Amino acid sequence: MTETLSDGVRVGGRRIPVDSEGYLLHLGDWSEEFARALAKREALVLTDEHWELIRFLRQYYAEHGVQPQVRVMIRHFTQVWGPQHGSNHHLHDLFPRGGPQKQGNRMAGLLRTKGEH
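Student: Sorry, what's going on with helix α3 (residues 70–81) here?
Tutor: Note: α-helices contain 3.6 residues per turn, so residues at a spacing of three or four share the same orientation. Look at α3: 15 Å from first C-alpha to last across 12 residues, which is about the 16 Å you get at 1.5 Å a residue. Those residues of α3 lying buried are Val 70, Val 72, Met 73, Phe 77 and Trp 81. Within α3, the buried residues cover an arc of 150 degrees as seen down the axis, which keeps them to one side. The exposed residues of α3 that point more than 90 degrees off its buried face are Arg 71 and Gln 79.

Structural data, given as structure tokens:
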């Protein structure tokens, strides 16, 4: 039997509750193991660039209480990685299911952004 997202994400024998799209229900349930398990479900291989973006999302949220807008990510990663890798196109290539603001937020264990349904 295949687990659905509404069944949660299994991490080390524990079921982590998520909503129907894979967003955590409780921010405190996030771990790198959770991100790896969710990425596997979404057929996403997490590279160093993915982890750098995930950590940026988490740090930004911790500092500001909100997820960064895509333009904030582009500005930051253009400075860090250069214009080609910091571009909107490259960030969306990294997270093809909704871009860094949706799939990235899911991997980072952040909640849905306003307006998502």
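Student: Mind showing me how you'd approach the nonpolar core here?
Tutor: Within soluble globular proteins, side chains that are nonpolar generally end up buried alongside one another. Counting 30 residues, the largest nonpolar core has Phe 34, Leu 53, Ile 54 and Met 73 as the members making the most contacts within it. Elements with a contribution of two residues or more to this core: β1 (9–11), α1 (32–41), α2 (48–64), α3 and α4 (88–94). Apart from the residues lying within four places of it in its own chain, the contact partners of Ile 54 are Trp 30, Leu 46, Phe 95, Met 107 and Ala 108.

Student: Hey, could you run me through the confidence of the model for the chain in this one?
Tutor: Per-residue confidence for the chain averages 90 on the pLDDT scale, and 91% of its residues sit at or above 70. No element of the chain has a lower mean pLDDT than β1, at 92, and none a higher one than α2, at 97.

Student: For this particular structure, what's the right way to read the packing of α2 against helix α5 (residues 99–107)?
Tutor: For any two helices packed against each other, the geometry comes down to the angle between their axes and how far apart the axes lie. At a minimum axis separation of 9 Å, α2 and α5 run at an interaxial angle of 85 degrees. In terms of orientation, α2 lies roughly perpendicular with respect to α5. Contacts between α2 and α5 involve Leu 53, Ile 54 and Leu 57 from the former and Pro 100, Gly 104, Asn 105 and Met 107 from the latter. In the contact of α2 with α5, the residues fall into five nonpolar, two polar and no charged.

Reading guide: rules and limits
Numbers given to residues run from 1 along each chain, matching the order in which its sequence is written. Confidence filtering applies because this is a predicted model: local features only for residues at pLDDT of at least 70, side-chain atom pairs given and counted only at 80 or more, and all residues used for totals across whole chains, interfaces and linings. To obtain the side-chain values, all non-hydrogen atoms of the structure were included, while hydrogens and water were left out. Strands here mean DSSP runs of E at least two residues long; helices mean DSSP runs of H or I at least four residues long; both are numbered from the N terminus. By definition here, a helix of n residues has an expected span of 1.5 Å times n minus one. Whether a residue is buried, partly exposed or exposed follows from its accessible area with a 1.4 Å probe, protein chains only, as a fraction of its type maximum: under 20%, in between, or over 50%, in that order. Read the arc as the range of directions from the helix axis to the C-beta atoms. Joining through side-chain atoms within 4.5 Å is the link that ties buried Ala, Val, Leu, Ile, Met, Phe, Trp, Tyr and Cys residues into a set, and such a set is a nonpolar core. Here a residue-residue contact requires only that any non-hydrogen atoms of the pair lie within 4.5 Å. What pLDDT expresses is the predictor's confidence in each residue, scored from 0 to 100. To get an axis, fit a line to the C-alpha atoms, keeping to the stretch in contact for a helix; angles then go from 0 to 180 degrees between the N-to-C directions. Orientation labels follow simple angle bins: below 35 degrees gives roughly parallel, above 145 gives roughly antiparallel, 65 to 115 gives roughly perpendicular, and whatever is left gives oblique. Each residue is assigned to one class: nonpolar for Ala, Val, Leu, Ile, Met, Phe, Trp, Tyr, Cys and Pro, charged for Asp, Glu, Lys and Arg, and polar for all the others, Gly among them.

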